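Here's the letter readout for the chains.
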Amino acid sequence: MGADEAEAVALRALAWLAGEEDLLRVFLGASGASPADLAARAGEPEFLVAVLDFLLLDDAWITAFCDAEGLSYETPAAARRALPGGAELHWT
């Protein structure tokens, strides 16, 4: 997946998250972002990686997002890896 496609997936994830009121509150609390940050930081790869990281914390969230957007369940993780600064960390 290229960077442009990854950004498009991450922006779709952000838009989906913004429409999920209860989950959005959890994201804002966990990330320290404000509602204004959602639009202001949408073009920042680091913020988009944070959105994908958040969704990837729970299989139910990824499943709901992918089902709503017609994406494969592997797409968000692939998008995360393709974004600048999104490469997976290996601790071993």
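Scroll up for the structure.
These figures come from a predicted structure and were not determined experimentally. (Residues numbered from 1 in each chain as written. Predicted model: local features only at pLDDT ≥ 70, side-chain atom pairs only at ≥ 80, totals over all residues. Heavy atoms only, no water.)

Chemist: Describe the nonpolar core, with residues and values.
Modeler: In this structure, L17, F27 and L55 are the most contacted members of the largest nonpolar core, which totals 27 residues. Secondary-structure elements contributing two or more residues to this core are α1 (3–18), α2 (21–31), α4 (45–55) and α5 (59–69). Once residues within four sequence positions are removed from consideration, F27 is found in contact with L17, G32, L38, F47, A50, V51 and F54. (Core = buried A, V, L, I, M, F, W, Y, C linked by side-chain atoms within 4.5 Å. Buried < 20%, exposed > 50% of the residue type's maximum accessible area, 1.4 Å probe, protein only. Helix = DSSP H or I, 4+ residues; strand = E, 2+ residues; numbered from the N terminus. Contact = heavy atoms within 4.5 Å.)

Chemist: Tell me about the environment of M1, residues and numbers included.
Modeler: Relative to the assigned elements, M1 resides in the segment before α1. Note on M1: relative accessible area 42%, which makes it partly exposed. Sequence spacing of M1 and L83 is 82 residues, and the spatial spacing of their C-alpha atoms is 9.4 Å. Excluding anything up to four places from it in sequence, M1 contacts A6, V9, T75, A78, A79 and A82.

Chemist: Talk me through the side chain of T75; I want residue IDs and the actual numbers.
Modeler: Structurally, the position occupied by T75 is in helix α6 (residues 75–82). Polar contacts involving the side chain of T75 include one to the side chain of S72, which spans 2.8 Å. Those residues within four positions of T75 in sequence are excluded, and the remaining contacts are M1 and V9. (Polar contact = N/O pair within 3.5 Å; in protein donor to acceptor, adjacent residues only side chain to side chain.)

Chemist: Just give me the short version of the environment of A10, but keep the residues and values in it.
Modeler: Turning to its location among the elements, A10 is positioned in helix α1. Among the residues examined, A10 registers a relative accessible area of 0% and is labelled buried. Placed 45 residues apart in sequence, A10 and L55 show a C-alpha to C-alpha distance of 10 Å. Not counting residues within four places of it along the chain, the set of residues in contact with A10 comprises L48, L52 and L83.

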